[in-house]
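# Architecture and fold: a report
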Protein chains: 2
Amino acid sequence: MDESRACDVVVVGAGLSGLRAARDLTAVGFEVVVLEARDRVGGRSWTDTTPGGHTYDRGGQWLGTNQPRTAALAAELGVTTFPTFGAGEAVEWRAGERSTYVGLIPTSDPNAAADGVEAILDLDLAALDVPVDAPWEAHGAADLDGQTLATWLAEHVGASPARVMLDVAIKAIFGTGAEELSLLFALFYLHAGGGLSNLARTTGGAQAERFVGGSQQLAVGLAAPLGDRVVLGAPVHAITYGPSSVVVHTGGGAAAPLEIRARRAVLAMPPALSGRLAFDPPLPGRRDQLCMRMPMGSVTKVHAIYDEPFWRERGLNGQLVSDEGALSSTFDDSPSDGSDGALVGFVAGNDCRRYEAAGDKAREAAILDDLERAFGPDARCPRELVTQHWPAEPFTRGGPVAISVPGALSGFGPALREPVGPLHWAGTETATEWCGYLEGALQSGERVAAEVAESLGAQAAGEGL
Amino acid sequence: MDESRACDVVVVGAGLSGLRAARDLTAVGFEVVVLEARDRVGGRSWTDTTPGGHTYDRGGQWLGTNQPRTAALAAELGVTTFPTFGAGEAVEWRAGERSTYVGLIPTSDPNAAADGVEAILDLDLAALDVPVDAPWEAHGAADLDGQTLATWLAEHVGASPARVMLDVAIKAIFGTGAEELSLLFALFYLHAGGGLSNLARTTGGAQAERFVGGSQQLAVGLAAPLGDRVVLGAPVHAITYGPSSVVVHTGGGAAAPLEIRARRAVLAMPPALSGRLAFDPPLPGRRDQLCMRMPMGSVTKVHAIYDEPFWRERGLNGQLVSDEGALSSTFDDSPSDGSDGALVGFVAGNDCRRYEAAGDKAREAAILDDLERAFGPDARCPRELVTQHWPAEPFTRGGPVAISVPGALSGFGPALREPVGPLHWAGTETATEWCGYLEGALQSGERVAAEVAESLGAQAAGEGL
């Protein structure tokens, strides 16, 4: 017989959204249990230390400008931040040639730079017309959702060098190419994060700051006061629910099988994963089919660790944009105390898939080639090289975020946040501000906690299990 | 303790593909167990009888011209077929006006008809260039896969009456609109089924014939000689596998929990559903992420049953194409013995989603309006009206078929059939002939059986569990 517990709200997933919801609900007096499949909290926020002692983030790692919830949480928890290193020139590798540039836009081809900037401005302007809380109500939503971002780019920049530059940014942001992204979804996402230029930027943008000691401290800090309300090693596989009650079953993890009875459940995970749980009764068609239409992006995150950030002495800021090889982009990832030097890079979209098929050795060889090409021969010999292949990660299965494929938002959009009986939906994918970012996770946790508290408040006192 | 059984091959799913594989493997001497979640065989082939005694197919129901496997199986099992009724005029409802026409193409607007035919010919011609066994190797595959069919249509026929006509056909064929379909996938699908005109056609096409007594008899006939090798009420939820062994776990169904050990497993279900099982070790990223990118179409199948096929006397063949209301298309579905009259219709794509949200009553009211508009006031009063809403069906979750979203085939295509260790993939979605049809299911069953037999033959004798 499984161990059985009862509470007001069971939260499935101890990422930032689930933990934030649990904290808010606990604060107003509800009994909460948080079930986490992994042996750690944080979800896509995951700080690790190499055998050589270098601490790094396997998942989300940046604090962007204008991310008030994340900044406030870090301040509250005493997690300090520091600016992402950006002084000096970035490297552009395009069509087999290396050049360097300053700022956001590679400039080896001035026409391409101008075309690229114009496309970014056009996209950012169009994004402002897409309501972040209901993209499906945008003017011309069906048309925007019936095409890919690649179609838009083909019309506006063609097969130009500007397209190459934009593709690098898109792959880095979404973990997949423009060919997979609904144009409506892409515009929503850009709007929610302040625009493409903002999302691609370090200084003043989404990659402005880093956390001393890593981003997972935010989740750990949220979880600590929750104490044994957070149960690790407890993968949920089945959920039975009625109009205002729910029973959640775990099993197959480190913890003994649990049966949690509650008045509400918060599913704090990407839609593709919540759709994989066994619901009784089955989810409504629209919710289930939405889950089928929000696949995870494909990204392998790479950390190359050196004794020192030697590129800085060469006037380089550690940033690379490349149209060849495995790594399409890199950033300086050295710790704030100067104890060593590090680069973080992304193998994204079709590159991520291609190098998974080719195998770990082929990927590592390509990465070293990429690093040498960009930063010089010593870049070929990192002290340590770590790869985090998110599509293989069992309880995330991709990254950095779920995308919406064409037709999904216009056909199913309202099902993204609409509760199903006692089931409420959280996760950065449900955010209307900074969807896909730590900030979005926190916003979704706040929103779902308020939603659940209101529905429980509306329920007659004394009613319940 | 679960009941434990051992065999050579465990087949998950007793639809036509799984049963065909089981039969072929049994025939060459392998011990097979087939696990089926439902209390019946057939999967998307499901024949039922109304309280009033009318027998009808809730799922796939037609035998197309040039579907040799299906025709041979029916003949072998003594299941007779008869031509779909097509004599007389079809009804077109467009822009609020009713007209009638003969043949495949609505003719109320001759220019639209000409434009529509030209688009169909262009698509069918382009489809011939997409290799059915490797669409990702088509010339320009990345470009074709980076856009939707809606983008192609917008370029080739604009927002014209021809587009309205094509949209009806596309919704009927795919269960979703052109806005969701990768152009590459759509071309592959058309090629695999002999072209759009073929797929839309009754006489000489995909809807040419019907089975006396319903299509499920094919599955029942395949299952009968397998005897207790087929276990009903046994939903699989977890699969553990090594290089050449697999353990499949069932539970939560009518049958007692089972643990089946085998040398190979055949997963005979749509990719979106196989991706929901708990695999240990987790599936490779590419396979898992492909499963996220092949959502099920959205279709509600409707049967309206009358005392007699009164429309025939009015010179109508029971076919409707409509741009308004719930039903976008209908066909005459009366039994061959003339015992009563019936129409079958489809609420597809966004209509299917919209009317799920509106509720059963609103959908039924819209359907009756549609029928009256098309076939006259007596069509408003069927003796019985049955709706089968496939997105809510737990072990299918949509229909008629899984589609591939933009980027899926070019990014992940080979993972569609590539075995993962001892795991092999079947189902009509893996077919290269008549993908999405009964014929495709049978072809995939044949293919996977040969694949498994070869891999087991190649394995050293005596090796095994």
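The coordinates are above.
To start, this report covers the structure provided alongside it.

Conventions and cut-offs
Residues numbered from 1 in each chain as written. Chains lettered and ligands numbered in written order. Predicted model: local features only at pLDDT ≥ 70, side-chain atom pairs only at ≥ 80, totals over all residues. Heavy atoms only, no water. Helix = DSSP H or I, 4+ residues; strand = E, 2+ residues; numbered from the N terminus. Rg over C-alpha atoms; globule rule 2.2 N^0.38 Å. Buried < 20%, exposed > 50% of the residue type's maximum accessible area, 1.4 Å probe, protein only. Contact = heavy atoms within 4.5 Å. Areas by Shrake-Rupley, 256 points an atom, 1.4 Å probe, with all protein chains shown as cover. Lys, Arg positive; Asp, Glu negative; His and termini not counted. Charge placed at Lys NZ, Arg CZ, Asp CG, Glu CD. Pairing = 2+ DSSP bridges. Buried area = accessible area lost by both parts, 1.4 Å probe. Salt bridge = Lys/Arg side-chain N within 4 Å of Asp/Glu carboxyl O. Nonpolar A, V, L, I, M, F, W, Y, C, P; charged D, E, K, R; others polar. Phe/Tyr/Trp six-rings, centres within 6.5 Å; stacked < 30°, edge-to-face > 60°. Lys NZ or Arg CZ within 6 Å of the ring centre and 35° of its normal. Least-squares fit on C-alpha atoms with pLDDT ≥ 70 in both. Expected span 1.5 Å × (residues − 1). Axes fitted to C-alpha atoms, helices over the stretch in contact; angles between N-to-C directions. Parallel < 35°, antiparallel > 145°, perpendicular 65-115°, else oblique. Left-handed = near helix turned anticlockwise from the far one by under 90°. Polar contact = N/O pair within 3.5 Å; in protein donor to acceptor, adjacent residues only side chain to side chain.

### Concerning the overall build of chain A
Helix and strand counts for chain A come out as 16 helices and 22 strands. The C-alpha atoms of chain A give a radius of gyration of 22 Å, which matches the 23 Å a tight globule of 465 residues would have. Once the C-alpha set of chain A is aligned to its principal axes, its extents read approximately 70 × 50 × 40 Å. Counting over 465 residues, chain A shows a buried share of 63%. By sequence separation, contacts in chain A at least 24 residues apart represent 72% of the contacts at least 6 residues apart. For chain A, the accessible surface area stands at approximately 15700 Å², while carbon and sulfur atoms represent 53% of it. Distance from the positive charge centre (35 side chains) to the negative charge centre (59 side chains) of chain A: 4 Å.

### Here's the deal with the sheet that holds strand E10 (residues 209-211) of chain A
Residue and element names in this part refer to chain A. One open sheet holds the three strands; their spatial order is E6-E10-E7, and the pairing between them is antiparallel. With one partner strand each, in any of the chains shown, strand E6 (62-63) and strand E7 (81-83) form the two edges of the open sheet. The pairing of E6 with E10 spans two bridges and is antiparallel. The partner of Trp62 across the bridge, within E10, is Arg210.

### Thoughts on the interface of chain A and chain B
With 38 residues of chain A at the interface, the matching set in chain B holds 38 residues. Of the roughly 3200 Å² buried between chain A and chain B, counting both surfaces, carbon and sulfur atoms make up 49%. Summed over the three residues of chain A that lose the most area to chain B, namely Arg276(A), Met292(A) and Arg397(A), the buried surface amounts to 21% of that side. One can count eight salt bridges joining chain A with chain B. Taking the shortest distance from any N to any O, the salt bridge between Asp288(A) and Arg276(B) comes out at 2.9 Å. Across the side of chain A that touches chain B, the residue classes tally to 15 nonpolar, 13 polar and 10 charged.

### Notes on the packing of aromatic side chains
Residues and elements named next belong to chain A. Within this structure, the stated rule accounts for 28 aromatic pairs over all chains. The interplanar angle of 75 degrees and the centroid separation of 5.7 Å between the aromatic rings of Tyr306 and Trp311 together place this pair among those described as edge-to-face. Exposure remark for Tyr306: the relative accessible area of 4% places this residue in the buried category. For Trp311, a relative accessible area of 0% translates into the label buried. On the numbers, 6.4 Å between centres and 50 degrees between planes, the contact of Trp311 with Phe375 is tilted. In this pair, Trp311 is assigned in helix H12 (residues 310-313) and Phe375 in helix H14 (residues 360-375), connecting sequence segments 64 residues apart. Over the ring of Trp425 we find Arg287, and its NZ or CZ is 3.6 Å from the ring centre. Directly above the aromatic system of Phe85 lies the positively charged group of Arg312, at a separation of 3.8 Å from the ring centroid.

### Comments concerning the relation of the copies chain A and chain B
When chain A is brought onto chain B, the operation consists of a screw motion whose angular component is 180 degrees and whose axial shift is 0.0 Å, with 0.0 Å RMSD remaining. The transformation relating the two chain copies, once decomposed into turn and shift, fits a two-fold axis. Judged by C-alpha distance, Arg276(A) is the residue of chain A that lies nearest the rotation axis, at 2.3 Å.

### Side note on helix H6 (residues 161-174) of chain B
Residue and element names in this part refer to chain B. Here H6 contains 14 residues, and its C-alpha end-to-end distance of 20 Å stays within 8% of the 20 Å for a straight helix at 1.5 Å per residue. When you tally the buried positions in H6, you get 10 out of 14 residues, the bulk of the element. Of the residues making up H6, those classed as buried are Ala162, Arg163, Met165, Leu166, Val168, Ala169, Ile170, Lys171, Ile173 and Phe174. Downstream of H6 by one or two residues, Gly175 has phi in the positive range, about 70 degrees.

### Some words on the pattern of salt bridges
Where charged atoms from two side chains of opposite charge approach closely, those side chains can pair. Evaluated as defined, the whole model comprises 62 salt bridges over all chains. The closest approach of N and O atoms between Arg373(A) and Asp370(A), which form a salt bridge, is 2.7 Å. Taken together, the positions of Arg373(A) and Asp370(A), both in helix H14 and three residues apart, correspond to about one turn of that helix. Classification of Arg373(A) by relative accessible area gives partly exposed; the value is 23%. Residue class for Asp370(A) comes out buried when judged on its relative accessible area of 3%. The shortest N-O distance in the salt bridge between Glu76(B) and Arg23(B) comes to 2.8 Å. With Glu76(B) in helix H2 (residues 68-77) and Arg23(B) in helix H1 (residues 16-27), this pair connects stretches of sequence that are 53 residues apart. For Arg23(B), a relative accessible area of 24% translates into the label partly exposed. Each of Arg20(A), Asp24(A), Arg69(A), Glu433(A), Glu439(A) and Glu446(A) takes part in salt bridges that share partners, so that together they form one network.

### What about the environment of Gly421(B)?
By secondary structure assignment, the location of Gly421(B) is in the loop between helix H15 (408-412) and strand E22 (423-426). On a C-alpha basis, the gap between Gly421(B) and Ser245(B) in space is 8.4 Å, while along the polypeptide they are 176 residues apart.

### Examining unusual backbone geometry
The amide bond that connects Asp280(A) to the next residue, Pro281(A), takes the cis arrangement and shows omega of 0 degrees. Tracing the sequence through the fold places Pro281(A) in the loop between strand E16 (278-280) and helix H11 (285-291). Phi angles above zero are rare outside glycine, and Asn66(B) is one such case at about 65 degrees. Mapped onto the elements, Asn66(B) comes out in the loop between strand E6 (62-63) and H2.

### As for the packing of helix H5 (residues 149-156) of chain B against H6(B)
Residues and elements named next belong to chain B. The N-to-C vectors of H5 and H6 enclose an angle of 160 degrees; their axes lie 11 Å apart at closest approach. By the angle class used here, H5 and H6 are roughly antiparallel. The handedness of the crossing between H5 and H6 is right-handed. Where H5 approaches H6, its residues Leu149, Ala150, Leu153 and Ala154 are matched on the opposing element by Arg163, Leu166, Asp167 and Ile170. For the contact of H5 with H6, the residue count by class is six nonpolar, no polar and two charged.

### Focus on the sheet that holds strand E17 (residues 299-306) of chain A
Residue and element names in this part refer to chain A. On the basis of which strands lie adjacent, the open sheet formed by seven strands has the order E9-E8-E18-E19-E20-E17-E21 and mixed pairing. With partners counted over all chains shown, the strands left at the sheet margins are strand E9 (97-101) and strand E21 (384-389), one partner each. With strand direction ignored, the average angle separating the axes of adjacent strands in the sheet is 20 degrees. As judged from the eight bridges shared by E17 and strand E20 (residues 341-348), these two strands associate in the antiparallel manner. Considered in E20, the bridge of Tyr306 is made with Gly341. Of the strands in this sheet, strand E8 (89-94), E9, E17, strand E18 (316-322), strand E19 (329-332), E20 and E21 are in contact with H14, which crosses E18 at around 125 degrees.

### Some points on the side chain of Gln61(B)
All names here are of chain B. By the element assignment, Gln61 lies in the loop between strand E5 (55-57) and E6. The exposure class of Gln61 is buried, given its relative accessible area of 4%. A distance of 2.7 Å separates polar atoms of two side chains, one belonging to Gln61 and the other to Asp333. Not counting the four nearest positions on each side in its chain, Gln61 is found in contact with Glu209, Arg210, Phe211, Ser215, Lys301, His303, Asp333 and Val344.

### A look at the pairing of strand E8 (residues 89-94) of chain B
Residue and element names in this part refer to chain B. With respect to burial, E8 is a largely interior element, five of its six residues being buried. Relative to strand E18 (residues 316-322), E8 is paired through four bridges, and the arrangement is parallel. Paired with Trp93 across the two strands is Ser322, which belongs to E18. In this sheet, strand E9 (residues 97-101) lies alongside E8 in antiparallel orientation, the contact comprising five bridges. Paired with Ala90 across the strands is Tyr101, a residue of E9. The turn joining E8 and E9, which pair antiparallel and follow one another in sequence, is formed by two residues; a positive phi near 50 degrees is taken by Ala95.

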